[in-house]
Structure formats: C-alpha cells, structure tokens
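# Examining the three-dimensional arrangement
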Amino acid sequence: MKNIVILISGRGSNMEAIVRACQSEGWPGRIAAVISNRPDAAGLGFAASHGIATAVVDHKGYPDRESFDAALAQAIDGFSPDLVVLAGFMRILTAGFVKHYERRMLNIHPSLLPCFPGLHTHEQALAVGVKVHGATVHFVTAELDHGPIVLQAAIEVRQSDTPDTLAARLLTQEHVIYPRAVRWFVEGRLSLDQGVVRVSPDVSQLVIGADAAEVA
Ligand code: GRF
C-alpha cells in the first residue's frame, strides 16, 4: 500500500475527488494524511469526517520559508509518504523542499502548461483570447508551475465565458484528471524518459471536456 499525503490550503475539492476515487476504486494506496497551512481550510473537515488524519502547519508561525518548509516536511514525513499531492496548496516551496520530494510530488495547475503559470490563469486565458484552456497535473520541480506533465484536460473557451464560468467548467475536469494521475502513480505506471512522463501501459494523457459548443 502506497502512502499518499495531500496538502491543501482551502476548499479542497481536488483532495475530495482523490479521496473518493481512492476509497471507491480500491487503489493500492491510502490517503495517509491531509495537511493544511491554514487552520481554517474547509477541506480539513471533509478529510476528518472520512477517517483521514489531518494536521495543520500554519505558515504564519514561522519567520521564513525555510523554517516553514522544514516543519512541513517533518509533518509530512511522519506519515511515511510515497507520494505528496499538492491540491490547491497556495505556498511557494523552497528548492530544498522540492528536492526532498523529487519524483514523488504532484501538483495540479489550472492552465495548459507551459501557458499561464502563476495566478489568475482564467483571466490570463481570456485576456489573450485562447480558444482552448485546461488544467495540468505535473511533477513538481523547483521552477514554479513547471515540471514533467503527467496528464492534461482541455476545455473550449466560449465567447460568453468569464473567469468564473471557465474556472467552474475546468474544475469538473480537474476532478477527473487528478485522481487518475494519482492512481497511475500509486499503481507504479509512471516513469520519466528524459524529462517526459510515460505511462505504462500506454493510455491517453489528455482528457477533452465534452462541452464543445454547437457550430452555427
Ligand atoms: C484548483 O483550481 C487547482 O487547479 C488550483 O487551485 C484550485 C484548488 O481548488 N491549484 P480545490 O481547493 O481543490 O477545490
């Protein structure tokens, strides 16, 4: 059984999707803990009510990123993780922390990387008028929102879209791809080939949202 530790900062809907899939699909893995940097993260309640250990490492209690990351790593390592999953974890991590979890830490970012790293991805997509937007599950490397891509979901951008409608449509796809990527990891199906993720056996690493608008 592989141990998965999930880090959240807020709502935790991706964490919830991963917990539900893990429990209902019988993965060779378990959610060992959900850890938040914010004591008021809504997702902590869901985790606790599903019998999952929770912990809070409040970044406000630490003078700098190094000391926070050291305390966070200590909390994570107490659960002997095979995989660390960042699910809406809103802290920039130090290079040392990232190195410690090299090849065993995943993140989901709400854009088709390498487009639109950073914040406000839906606004960025609308501002430049792309017609395809999406989300990316990737291994975490020291550079923010970079790292080998495991799985992407693509959705159509409509003329009527606002950042909120785009975010909502994309979130349903995030809940499809993130559990799938985590499952591939715990099943031992992911490998890195010169920085590119391969899945074995070979399956599609792209999900296309079934919401294409009708053509006039
Ligand atoms: C998601 O949009 C995710 O892509 C981004 O932060 C958001 C987290 O949402 N990294 P939730 O906390 O999983 O509901």
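What you see is a predicted model, and the numbers here were worked out from it, not measured in a lab. (Residues numbered from 1 in each chain as written. Predicted model: local features only at pLDDT ≥ 70, side-chain atom pairs only at ≥ 80, totals over all residues. Heavy atoms only, no water.)

## Observations regarding the nonpolar core
Stated formally: In this description, a nonpolar core means a group of buried Ala, Val, Leu, Ile, Met, Phe, Trp, Tyr and Cys residues linked to one another through side-chain atoms lying within 4.5 Å. With a 1.4 Å probe rolled over the protein chains alone, any residue whose accessible area is under 20% of its type maximum counts as buried; one over 50% counts as exposed, and the rest are partly exposed. Runs of E in the DSSP output that reach at least two residues are strands. Runs of H or I that reach at least four are helices, and both are numbered from the N terminus. In this description, contact between two residues means that some pair of their heavy atoms is separated by no more than 4.5 Å.
Ranked by internal contacts, the top residues of the largest apolar core, which has 42 residues, are Ile6, Met15, Ile31, Val34, Val150, Tyr178 and Val182. In terms of residues, this core owes the most to one element, helix α6 (residues 163–186), which gives 9 residues. Beyond its immediate chain neighbours, meaning those up to four positions away, isoleucine 31 contacts Ile4, Ile6, Ile18, Val19, Cys22 and Ile52. If you look at the next biggest cluster of nonpolar residues, it comprises 20 residues, including Val5, Leu7, Ala33 and Leu72.

## A look at the UniProt feature "binding site: (6R)-10-formyltetrahydrofolate" (unreviewed entry) in the chain
Using the following cut-off: UniProt positions are given in the numbering used here, feature names are shortened, and annotations may be inferred rather than shown by experiment. In this analysis the probe radius is 1.4 Å and the grid spacing 1 Å, with only protein atoms considered; a cavity is a set of points the probe fits into but cannot get out of, a pocket is an open set with protein on both sides within 12 Å along at least five of seven lines, and lining residues have an atom within 4 Å of a point.
As recorded in UniProt, the feature "binding site: (6R)-10-formyltetrahydrofolate" (unreviewed entry) lies at Arg65, Met90, Arg91, Ile92, Leu93 and Asn107. In this structure, the largest pocket is lined, among the annotated residues mentioned, by Arg65, Met90, Arg91, Ile92, Leu93 and Asn107. Along the chain, arginine 91 turns up in the loop between β4 (83–86) and α4 (95–100). Every residue in contact with arginine 91, bar those within four places of it in the chain, is listed here: Asn37, His59, Arg65 and Phe68. Topologically, leucine 93 is positioned in the loop between β4 and α4. Since its relative accessible area comes to 14%, leucine 93 is described here as buried. Setting aside anything within four residues of it in sequence, one finds leucine 93 in contact with Asp69, Leu72, Leu86, Val98 and Met105.

## As for the pattern of salt bridges
The test is simple: Throughout this description, the term salt bridge denotes a Lys or Arg side-chain nitrogen within 4 Å of a carboxyl oxygen of Asp or Glu.
Applying the stated criterion across every chain yields a total of 8 salt bridges. Residues joined by salt bridges that share partners form a network here, namely Glu25, Arg183, Glu187 and Arg189.

## Things to note about the environment of isoleucine 92
Turning to its location among the elements, isoleucine 92 is positioned in the loop between β4 and α4. Isoleucine 92 sits 19 residues away from serine 111 along the chain, and the two C-alpha atoms are 18 Å apart.

## Some details on the side chain of glutamine 152
We apply this condition: Contacts described as polar in this section are N or O atom pairs within 3.5 Å, which, within protein, must combine one atom able to donate a hydrogen with one able to accept it, while residues neighboring in sequence count only if both atoms come from side chains.
Here glutamine 152 shows up in strand β7 (residues 149–156). A relative accessible area of 17% places glutamine 152 in the buried class. For glutamine 152, the side chain forms a polar contact with the main-chain oxygen of leucine 113, separated by 3.2 Å. What glutamine 152 contacts, discounting residues up to four positions off in sequence, is Leu112, Leu113, Ala135, Thr136, Ile177, Gln205, Leu206 and Val207.

## Side note on the layout of surface pockets
Operational definition: Grid points are joined across faces, edges and corners, and a volume is the space filled by probe spheres set on the points. Polarity classes work like this: nonpolar for Ala, Val, Leu, Ile, Met, Phe, Trp, Tyr, Cys and Pro, charged for Asp, Glu, Lys and Arg, and polar for all others, with Gly in that last group.
In this structure, the largest pocket spans a volume of roughly 1100 Å³. In this structure, the largest pocket is lined by 39 residues; those nearest its centre are Gly88, Met90, Ile108, Pro110 and Leu119. Listed by contribution, the elements that provide at least two residues to the lining of the largest pocket are α1 (13–25), β5 (105–109), α5 (121–128) and α6. Looking at the lining of the largest pocket, the element that brings in the most residues is α6, giving 6 residues. Here the residues of the lining of the largest pocket sort into 18 nonpolar, 13 polar and 8 charged. Within this model, the second largest pocket holds a volume of roughly 160 Å³. Forming the walls of the second largest pocket are Ala95, Val98, Lys99, Glu102, Arg103, Phe139, Val140, Thr141, Ala142, Pro148 and Leu192. At 3 residues, α4 tops the list of elements feeding residues into the lining of the second largest pocket.

## Considering unusual backbone geometry
With an omega dihedral of 10 degrees, the bond running from leucine 113 to proline 114 counts as a cis peptide bond. Residue position: proline 114 is located in the loop between β5 and α5. Along the chain, serine 200 connects to proline 201 via a cis peptide bond; the corresponding omega equals -10 degrees. Take proline 201: it is sitting in the loop between β9 (196–199) and β10 (206–208). Its identity as a non-glycine residue notwithstanding, arginine 103 has a phi of 65 degrees, on the positive side. As for its placement among the helices and strands, arginine 103 is situated in the loop between α4 and β5. Owing to a relative accessible area of 54%, arginine 103 belongs among the exposed residues under this scheme. Of note, the phi angle at phenylalanine 116 is positive, near 55 degrees, even though the residue is not glycine. By the secondary structure assignment, phenylalanine 116 is in the loop between β5 and α5. Among the residues examined, phenylalanine 116 registers a relative accessible area of 13% and is labelled buried.

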